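Take a look at the letters that make up each chain.
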Amino acid sequence: MVNSLMQSGFNSFFATAIDLVAKIMLIIVPLLVAMAYLTYAERKVLAASQHRRGPNVVGPFGLLQPLADGLKLLMKETIVPSGANRFLFLIAPMVTFILALVAWAVIPFDQGMVLSNLNVGILYIFAISSLGVYGIIVAGWASNSRYSFLGALRSAAQMVSYEVSIGLVLITVLLCAGSMNLSAIVEAQRKIWYIVPLFPMFVIFFISGLAETNRSPFDLPEGESELVGGYFTEYSAMSFALFYLGEYMNMILVAAMTAVLFLGGWLSPLESLEFIPGPIWLFAKMALVLFLFLWVRATVPRYRYDQLMRLGWKVFLPFTLFYLVLVAGVLVGMGWLPV
Amino acid sequence: MILATIAFYFFAAICVASAVLVVTLRNPVHSVLFLILAFFNAAGLFVLLGAEFIAMTLVVVYVGAVAVLFLFVVMMLNIDKVGMKEGFQKYLPIGGIVCAILLAELILAGFGIRAAAGEAAGAASGAVVPPASTLTNTEQLGMVLYTDYFILFQSAGMILLVAMIGAITLTLRHHPRVKRQNVGDQVARDSKSTVRLVKVKSGEGVKP
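Given the structure is predicted, the values throughout are model-derived calculations rather than measurements. (Residues numbered from 1 in each chain as written. Chains lettered and ligands numbered in written order. Predicted model: local features only at pLDDT ≥ 70, side-chain atom pairs only at ≥ 80, totals over all residues. Heavy atoms only, no water.)

(A) Just the nonpolar core, in detail. The biggest cluster of nonpolar side chains holds 116 residues, and the ones touching the most others in it are A:W104, A:Y134, A:L198, A:L261 and A:F262. Apart from residues lying up to four places away in sequence, A:L261 is in contact with A:I122, A:L170, A:V173, A:L182, A:I185, A:Q189, A:Y194 and A:F205. (Core = buried A, V, L, I, M, F, W, Y, C linked by side-chain atoms within 4.5 Å. Buried < 20%, exposed > 50% of the residue type's maximum accessible area, 1.4 Å probe, protein only. Contact = heavy atoms within 4.5 Å.)

Next comes the structure, spelled out in structure tokens:
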């Protein structure tokens, strides 16, 4: 009897394991495809805003270009610079890439459609995104190169600075929702999406997201005119690709966060449109935010470093702090505080 | 249950091992990286206890902010690797005594909590985990922190504020020759006060 009990226990254990792996694959594979085509979209949007055509040779409309790029990077040789710390040099891009993937565990795609319905989902994402800086700083140090190191230091300072205002924005949102569970936050937006009452916070979250993912106009860590390639100057082939992919994955993650926190996640904007399934709404909102990312890159010039720090510490931090207190005051005063 | 025990020993073993490596490794950067690993495993232990809020805050605050600054400083300063290890023999007894006292205190505290929990639960269970309730542990923590320990919480904040002001006053220097950007002045400038149109006669130039 004990034997059969153990047998069934093992079977159920394997069943859950296979179930989990299947779910993880279901998230990761579309994510990788989305990320590949985000690079394509970026090149097309930039081209369109500069009156060019963008990639149009490989495949119809150049649609196979990302695959060609990926293949090219796979075939190239990984070069480890002399004097570099070999282990850390190779593990840094992996850390960046894995952290970018791990955060997706708590993003809800529809009601109940989430890999891990964590009670502290919002904190989990905040924690994971605050770890992203390690991939960069370790890469810069392990490369044993001035350019890489300077790029890494800049990036670390930048990410730590903007995390503060992101944290305060998150606190404001969870104050309104009364929960740190991302599904509950989406459900709390049934009456009104948080972009309406918290519009300034939405703007600050978006700009901080640009800074957090090292996108232009805050792409100083990789400012090519002064630092060659920033922290990944010394990287080549797949290790370079992992950094690149991690960056795009983080962009998609910030887009998903914006959609979940401010744009009502999987909720449809009109009652009459509810026949369209939730995930499609979420993807549409993410695509909109991602387009904003690309649009900003095509139009806004790069910030100067001291201006970047000033914006983070002297503008965003006081403003978010003020708005947080204001929102808390309004919620208490009007008796809207969620129980 | 077995899985939880295995996970506990896994996290605990890695935590202790990386803590040992933090103090024994020669390269300070490697030490900091192992410190981060130790923080991570401590967070894992908190998750096993069911204190996911504390686990996440540990990662956000210690790994995401404090350790980044450590790494920053250690990387920027070119620390003499040999000189750092020189005093190791000399400080070993003192460090050992401090360690022993801390360990004894921890064990005492552990027994104290166990006894208190045993009394509360009618000696049925010696678990440290608070009784399950409908509230999430974030809410429970908030209830305790902002009601019972309100004054202590506020004074901890004040102490941090004082520390911050102290650090700023120690490091802030005004260099008279450094030109700073004053955004207010720049924005307040307009064409009337800065530009003037002059009819220049040929051969005479512009007089100020």
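(B) Expanded view of empty space enclosed by the protein. All names here are of chain A. Evaluated as defined, the whole model comprises three cavities of 30 Å³ or more. One number sums up the size of the largest cavity: a volume of about 270 Å³. The wall of the largest cavity is formed by 20 residues, among which S129, E212, N250, L253 and V254 lie closest to the centre. Those elements that provide at least two residues to the lining of the largest cavity are α3 (86-102), α4 (121-142), α5 (146-177), α7 (199-212) and α9 (237-262). Of all the elements, α4 adds the most residues to the lining of the largest cavity, at five residues. (1 Å grid on protein atoms, 1.4 Å probe; cavity = no way out; pocket = protein on both sides within 12 Å on 5 of 7 lines; lining within 4 Å. Points joined across faces, edges and corners; volume = space filled by probe spheres on them. Helix = DSSP H or I, 4+ residues; strand = E, 2+ residues; numbered from the N terminus.)

(C) Geometry of the domain arrangement of chain B. One can read the domain layout of chain B as domain 1 (1-78 + 95-120) and domain 2 (134-169). A straight line from the C-alpha centre of domain 1 of chain B to that of domain 2 of chain B covers 21 Å. (Domains from an automatic or database assignment.)

(D) Inspection of the interface of chain B and chain A at higher detail. Contact with chain B, which involves 23 residues of that partner, is made by 27 residues of chain A. For the pair chain B and chain A, the summed buried area comes to about 2100 Å², and 79% of that belongs to carbon and sulfur atoms. Contact with chain A buries surface across chain B, with B:M56, B:F72 and B:M75 losing the most and accounting together for 26% of the total. Along the contact surface separating chain B from chain A lie zero salt bridges. Across the chain B-chain A interface, the total number found is three residue pairs in polar contact (both at pLDDT 80 or more). Those elements giving two or more residues to the side of chain B that touches chain A turn out to be α2 (28-49) and α3 (52-76) of chain B. Considering each element in turn, the side of chain B that touches chain A owes the most residues, 13 residues, to α3(B). When its residues are assigned to classes, the side of chain B that touches chain A shows 16 nonpolar, six polar and one charged. (Buried area = accessible area lost by both parts, 1.4 Å probe. Salt bridge = Lys/Arg side-chain N within 4 Å of Asp/Glu carboxyl O. Polar contact = N/O pair within 3.5 Å; in protein donor to acceptor, adjacent residues only side chain to side chain. Nonpolar A, V, L, I, M, F, W, Y, C, P; charged D, E, K, R; others polar.)

(E) Structural detail: α3(A). All names here are of chain A. The end-to-end C-alpha separation of α3 is 25 Å, in line with the 24 Å expected for 17 residues at 1.5 Å each. Most pronounced at A92, the bend in α3 amounts to some 25 degrees, and the proline P93 follows within four residues. Buried residues of α3: L88, F89, A92, P93, T96, F97, L99, A100 and L101, and no others. (Expected span 1.5 Å × (residues − 1). Bend = angle between axes of the 7 residues up to and from the residue.)

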